Amino acid sequence: MVLKKSVRVWQKYRPRSVMLESKDVPEEALLFESEAIAILSPVEVDIIRREFAETISAYGCLGVLKVIVGEETFQYLVLCTGCQSVGKVWDTEVFRVTQTTFAPLCQRGNLELVQEVGKLLACGKFYFSYPSNGAAFDILVSAQQQGKDLQTQFCWNRGLYAYMKQFGVDCSKWLFRIMCGNVDIQTVYSGEKQAKLCLISRLNCERAGTRYNVRGVNDEGHVGNFVETEQAIYVDSSVSSFVQIRGSVPLFWEQPGLQTTGGYRIKLSRGYFCSHPAFERHFEWCLLHYGPLLCINLLGTRNMELMLTTAFQEHFAQLSPAYCAEMVCFDYHQHCKGGPQSRLALCSVLLPLAQDFLAAHGFFQASSGHTERNQTGVMRANCLDCLDRTNAVQTFFGLHLLPQLLSAVGLSTKSSMLSRFEQLLSQAWTHNGDAISRMYTGTKAMEGRTKLRDGARSVQRTILSNFLDSSKQEAIEMLLFGNAFSGELGQKVRALLALPDALAPVPFKQAMVDRWYHYTVPEKLRVCIGTWNVNGGKHIRSVALRKDQSMHDWLLDAPFIAGAVKEFPEEFMAPPDVFAIGFQELVGLTASNIVSASATNRREWGMELQKVLSRDEPYELLTAEQLVGVCLYIFIRPKLIPYVRDVGVVSVKTGMSGKAGNKGAVAIRFLLHSTSICFVCAHFAAHQTKIMERNQDFTEIFKRVQFSQGPLDSHDYIFWCGDLNYRVDLPTSLAKDHIAHRHWDRLHKFDQLIKQKKLKRVFRGFIEGELNFAPTYKYDEFSDDYDTSEKCRTPAWCDRVLWRRKPFQSNPSDQAMSGTGTEEEEEAAASATSRHLDFGLYPSDTAEMCGSLMDGGGGGGQLVSVGHPWHPGRLLHYGRAELKQSDHRPVVALLEVDVYRVDEQQRARLREEVALLLGPPDPTVCVREREDGASVSIPQLLEAFRQFGEVILVRMTDDMTLVTFRRSQSAMAATAFSGKEVDGVTVDVCLRSSWPPTNGEGEGVKGEGEEMTEHHQRQNRPERFTVLTGSQLAPLGPDKDPAHPGEDPAQPGEEPEELLEFSFAEDGDTRRPASSQDSVEPEPDCAGGMEQELPDGNETELQHQADVENEDSGQQPSSSSQAQGRPQHLEMPPKAERPQRPSLPPRHVQDSASSPGGEGSTQRPARPPRPQPSVVRDRAVSQPVPLSHGATSTTSTTSTTEAMSPTGSVQIAVTRPPPVKAGGGEEGPKRPPRSKQKGSERPSRPERSPSPSPRNRTQRSPSPKPKPAPQPDAMVKPKLPPARPPPPKRT
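Rules behind the numbers
- Residues numbered from 1 in each chain as written.
- Predicted model: local features only at pLDDT ≥ 70, side-chain atom pairs only at ≥ 80, totals over all residues.
- Heavy atoms only, no water.
- Helix = DSSP H or I, 4+ residues; strand = E, 2+ residues; numbered from the N terminus.
- Buried < 20%, exposed > 50% of the residue type's maximum accessible area, 1.4 Å probe, protein only.
- Contact = heavy atoms within 4.5 Å.
- Areas by Shrake-Rupley, 256 points an atom, 1.4 Å probe, with all protein chains shown as cover.
- Pairing = 2+ DSSP bridges.
- Axes fitted to C-alpha atoms, helices over the stretch in contact; angles between N-to-C directions.
- Phe/Tyr/Trp six-rings, centres within 6.5 Å; stacked < 30°, edge-to-face > 60°.
- Polar contact = N/O pair within 3.5 Å; in protein donor to acceptor, adjacent residues only side chain to side chain.
- Salt bridge = Lys/Arg side-chain N within 4 Å of Asp/Glu carboxyl O.
- Core = buried A, V, L, I, M, F, W, Y, C linked by side-chain atoms within 4.5 Å.

**Student:** Before we move on, can you summarise the overall build of the protein with the specific residues and values?
**Tutor:** Counting its regular elements, the protein contains 30 helices and 46 strands. In the protein, which comprises 1291 residues, the proportion classed as buried is 56%. Considering only intrachain contacts with a sequence separation of at least 6, the fraction spanning at least 24 residues in the protein is 72%. Only carbon and sulfur atoms are counted for the fraction: they give 51% of the accessible area of the protein, which is about 54200 Å².

Dropping the structure here:
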């Protein structure tokens, strides 16, 4: 199989425009301009190509990477410019990506955000098969699944498809589908038969990432490091294959903190019952894709593995038999000590446990397209990382089934032949283990032979995993999802829409989010928040806490004890749905605990809380988090567990300037249905006078609580509790006197927190109930007396509970709540919040905007917005409990809030309606004059279309005008203009996807039955083809000529965009910079790069070079013009498949009145040297001036940098086109002056001027010789093709 550089990228810098051509798709080309994609016909391409300069030749395109930073959007065209042949299966060859290039599609790009993605793609672990469309073999699916429905769980560039699909591009023709993992193809001869031994590992991209960043399972049931490994043998038309899978333990677990080589810590991040729904979803997914499972658990009993394997077995015992799963536990470290005994233990212990399953489900076998047997089940192996032990066990089973696979395809199983296959397969499995380990940890797999080498790799894994994997994780997420979940829109998409819709176009997502009230159902949620400073937590075992005074009085019976039930008895019948319980000083704040706090108290208090809360109704622990003495527990009712997802935990230290955890906060967030909820438990700075320090603690916590799903202020609800340590500014005696007389309002005037809130320094937008109970600090332990020590502290409400609800949509209060608005905005927002009023705004539904004020006033006001009422939450009880085991009294708050459940049927119905409302992917309309010979005025047409939306691209052919809008809704609205007049000319307007237009009676208006494709296939060349872009449409007025909108001169100091190149170099076992010997550095591409052929064979390097064609011009240049070099075009289809190009008619010289230079003008307006104009009127071709062999008038410079890669050295080459000077000039050799011609058009062929000229041989002035371009060094790669040598001069 021969793979050519069949893709070419042509660029134009002002305005920024990129054209993509492919030899595999000769019927069309793609034009990227003004944040839109236009599909061009070959005729259109041939006309506008003269305005572009070829910059890149590539083997294929991977898609468009879209990066959103704030309000700016950057787009990069990702190209595969280097690859290696791995092997061939049937008529398909498999290649490994070794070099990628990122071409920016916008004027200014943020290169730092895409460098990590480029290094990831060039790490040598990505593969594609060619041809990928319609071939009998696809690298992304197993042999048993070939030809079936397309599966995307192994397609790593599916996120790069989204932008091109938005404009109706057929991605199956234009883009390669790449997979991540390992491919090993070996050719073995058995007599006259040629066999292909293949070992292919496909890494699942649903939950991809690095070692310590991706563990366990997610809410959708996908696990980390999930790999499908297929062992297949291909002989002629026969194939036999055996598939195994591996994946992390399907529970919510992690390894927090700094992981060292001496040991590791494992933490189950969710409770038992809260993990089981995701556990079941994982086995449901496996059953759907693979059938019955045999789970081989290789975890042992050492260190923390015992806790994980015990939890795995407990969940598996509760798994329903309908999932058809079995489990085998095999302690690999106990049975396999290394050497021959390891294989003996596998044969004697593990194989008998799996023999029945292998015999029942077997392997896949097919011959000549006919399936003889299917593999009906798979074995799922796992250890802690699913690397070393898992790979050894899968190797054993692969070798065990090898004789059966050979017999199935008719190969001999003699000892000599079998040993040869076993040797090759063992080497392939070893390489497979190294490849998967490199992707997950950054190093090769552990060998288990030499302790010194394994120890060095273990140290290297520790360094990489703890300090360097975060950037790699971000690159993986950027490649797979882009910015789909970033920003406010991304968070709403995650909460409201299904996961596949995250990659949908932005207008579709925005429309669905704006109409959220159409498919959501409000439900009431009762939340109970408690906080207590337990003064070291040493009294949990006290008899008083268990008998005389119980935590039931605090968490369950506080409203009854306080007498609130008598006033509102019906409000307290329903139990709380969620409990959030925060503790401070759970352990003593000693130096040893600050460095490494014990988790013993956390476990004991958690068990006690579980018993207390489950007195009347069952509750399950969702998760808990501890920061030294601050600890937060979340309990939830079992009926809500299936609807909880995206649980996140963050801790922030504020003690000792943020370095110690004696003070700080922990935050836990989750998504319930479609509502995001966050709980914060904090402990602020102590002492009476440290008000500013407490304010600073709040600011730091609010700013530094950053979840992977978004910042703190992005949540719908925030509940904040803890020992905030705000005091009362009164003498102790006076404060005690007010307490004795229950004068709470007098104490409120001197409460520090209330005063700071009024000054808008802390908790802006937060709400707190009235403090109608005695201060909670400071008591003598086991006493009702306030502090009687020498310090005699003033009683204060140190323990508080506050909450805040985010408005439905952005409004002035949003900025006030985050502290970023102006003083007037903050005051208005605070006033609105105090009245519990707000209004939601929905831009896409302005006709439905309404609001009614109901029951305004102190806590009963509510806002009725579009669809659902908005209310900050209803406070049912706020008080304290009389538990005397600490110097603080516990506080509890009971609230009722709204959450919104998604109705999936209504969402699916609305999804179809929105898709129809948004219109076709291509926002282009065709405008055609009804009367023959009429011509519509483009400025007048654009003025008429301005009412429908923004126009970003206009293309004018000889018989129609193509107008591209920014949004599809605008294009649909513009079709209503059909039949109306523009400056006296009646036009027909229709969508390009529904050409031809109709006259309202179902009949074609002009050329009935004529399709748009037929227009593209016409043999007659259009007489005119003009392109107008966004920068040229703005100044276009009625007095401007649309064919000559003017040039866009370069600004001083402005340079064209840089090209990022990333190449891979295999370097063994370390991350070192690429050297000149091992880096894959392609040779400069030349004009013949499209026709490069790559030899077939295993591991054959695809060379990036071509022979430089030196052509001698057979025609002599005239005295009035100089021959210019013509860039090499794509190889056109055969003559029978493409339209014929007739000879051009002779052009006529225009008179002086019609020339663009104005009245009396006799020459063509001067153009800048660079071929940059966006408007094409004639057939003049601007080409680089020939300088010397292998150089052109425009020279690109390339600088290289070296970066670390998880699998080797990645070389980054930044290619900078030549800088452009003011006025359109550029550095380097200048273009020779054009000959002066009368009129705006020149003859198609140069003719000798009859009059004497400065270039006459009798009056010849010496012309300056062009300076040669600077010679590039060894690391410089010019991106433009070298021009031909200059033709010989006339004598």
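**Student:** If you had to explain the sheet that holds strand 30 (residues 717-723) to someone new, which residues and values would you point to?
**Tutor:** Ordered in space as 25-26-27-30-31, the five strands form an open sheet in which the pairing is mixed. Two strands lie at the open edges of the sheet, namely strand 25 (644-655) and strand 31 (799-805), each paired on one side alone. Ignoring strand direction, the axes of neighbouring strands in this sheet form an average angle of 15°. Lying on the sheet, helix 20 (residues 691-704) is in contact with strand 25, strand 26 (660-672), strand 27 (675-683), strand 30 and strand 31; it crosses strand 25 at an angle near 145°.

**Student:** Quick one: what's the story with the packing of aromatic side chains, residue by residue and with numbers?
**Tutor:** Applying the stated rule across the entire model yields 42 aromatic pairs. With 6.2 Å between their ring centres and 65° between their planes, Trp 285 and Tyr 290 make a pair best called edge-to-face. When its relative accessible area of 15% is taken as the criterion, Trp 285 is described as buried. Look at Trp 720 and Phe 763: their rings are 5.3 Å apart centre to centre, the planes differ by 85°, and that puts the pair in the edge-to-face class. Within this pair, whereas Trp 720 is found in strand 30, its partner Phe 763 is found in the loop between helix 23 (752-758) and strand 31, the two being separated by 43 residues in sequence.

**Student:** Explain the pairing of strand 20 (residues 378-382) to me, and be specific about the residues and the numbers.
**Tutor:** In regular strands, side chains alternate between the two faces of the sheet. With five of five residues buried, strand 20 lies mostly within the body of the structure. Residue alternation in strand 20 divides its side chains into two sets, Val 378, Arg 380 and Asn 382 and Met 379 and Ala 381, and both sets are buried. When strand 13 (residues 238-246) meets strand 20, the two strands line up parallel, connected through two bridges. Directly across from Arg 246, in strand 20, lies its bridge partner Ala 381.

**Student:** So what's going on with the side chain of Thr 924? Residues and values would help.
**Tutor:** Summarising the element assignment, Thr 924 is placed in strand 37 (residues 924-929). At a separation of 3.0 Å, a polar atom in the side chain of Thr 924 contacts the side chain of Thr 964. Residues within four places of Thr 924 in sequence aside, it is in contact with Arg 955, Leu 962, Val 963, Thr 964, Ala 971, Cys 990, Leu 991 and Arg 992.

**Student:** Provide a residue-level description of helix 13 (residues 506-514), including the pertinent values.
**Tutor:** Taken across its nine residues, helix 13 has seven buried, putting it largely inside the fold. Against helix 12 (487-496) and helix 26 (904-918) lie the buried residues of helix 13.

**Student:** Run through the side chain of Lys 119, naming residues and quoting values.
**Tutor:** Mapped onto the elements of the fold, Lys 119 is located in helix 2 (residues 112-121). There is a polar contact of 2.9 Å between the side chain of Lys 119 and the side chain of Glu 116.

**Student:** Can you break down the environment of Phe 126 residue by residue, with the values?
**Tutor:** When you line up the elements, Phe 126 lands in strand 9 (residues 126-130). Separated by 31 residues in the primary sequence, Phe 126 and Phe 95 place their C-alpha atoms 8.6 Å from one another. Here Phe 126 is in contact with Phe 95, Arg 96, Val 97, Leu 120, Leu 121, Trp 156, Ile 178, Met 179, Cys 180, Met 439 and Leu 479, once residues within four sequence places are set aside.

**Student:** Describe in detail the pattern of salt bridges, supporting the description with residues and values.
**Tutor:** Inspection of every chain in the model, using the stated rule, returns 43 salt bridges. The salt bridge involving Glu 206 is made with Arg 158; its shortest N-O contact spans 3.1 Å. Here Arg 158 lies in the loop between strand 9 and helix 3 (162-165) and Glu 206 lies in the loop between strand 11 (193-203) and strand 12 (227-235), a separation of 48 residues in the sequence. On the accessibility criterion, Glu 206 (17% relative accessible area) is buried. The class of Arg 158 is buried, set by a relative accessible area of 16%. Between Glu 625 and Lys 267 there is a salt bridge, and its shortest N-O distance comes to 2.6 Å. Residue Glu 625 is located in strand 23 (residues 620-627), and its partner Lys 267 is located in strand 15 (residues 267-268); the two are separated by 358 residues in the primary sequence. Glu 625 gets classed as buried once you look at its relative accessible area, which sits at 12%. Counted as one network, the salt bridges with shared partners bring together Asp 784, Arg 880, Glu 882, Lys 884 and Arg 889.

**Student:** Any details on the nonpolar core? Residues and values, ideally.
**Tutor:** Among the nonpolar cores identified, the biggest contains 51 residues, and Leu 525, Ile 529, Ile 634, Phe 670, Ile 677, Phe 679 and Phe 719 are the most heavily contacted of them. Per-element tally for this core: the top contributor is strand 36 (residues 891-902), with five residues. Those residues within four positions of Ile 634 in sequence are excluded, and the remaining contacts are Val 578, Phe 579, Ala 580, Glu 620, Leu 621, Leu 622, Thr 623, Ile 668, Phe 670 and Phe 679. Formed by 43 residues, the second largest nonpolar core is a distinct cluster that contains Val 78, Cys 123, Phe 176 and Leu 1060.

**Student:** Explain the pairing of strand 24 (residues 630-636) residue by residue, including any values.
**Tutor:** In terms of burial, strand 24 is a largely internal element, seven of the seven residues being buried. Of the strand pairs in this sheet, strand 23 and strand 24 are connected by seven bridges, and their pairing is antiparallel. Bridged to Gln 626 within strand 24 is Cys 631.

**Student:** Run through unusual backbone geometry, naming residues and quoting values.
**Tutor:** The omega angle of the peptide bond from Tyr 130 to Pro 131 is -5°, so this bond is cis rather than trans. Relative to the helices and strands, Pro 131 is located in the loop between strand 9 and helix 3. In this model, Tyr 777 is joined to Lys 778 through a cis peptide bond whose omega is 0°. Tracing the sequence through the fold places Lys 778 in the loop between helix 23 and strand 31.

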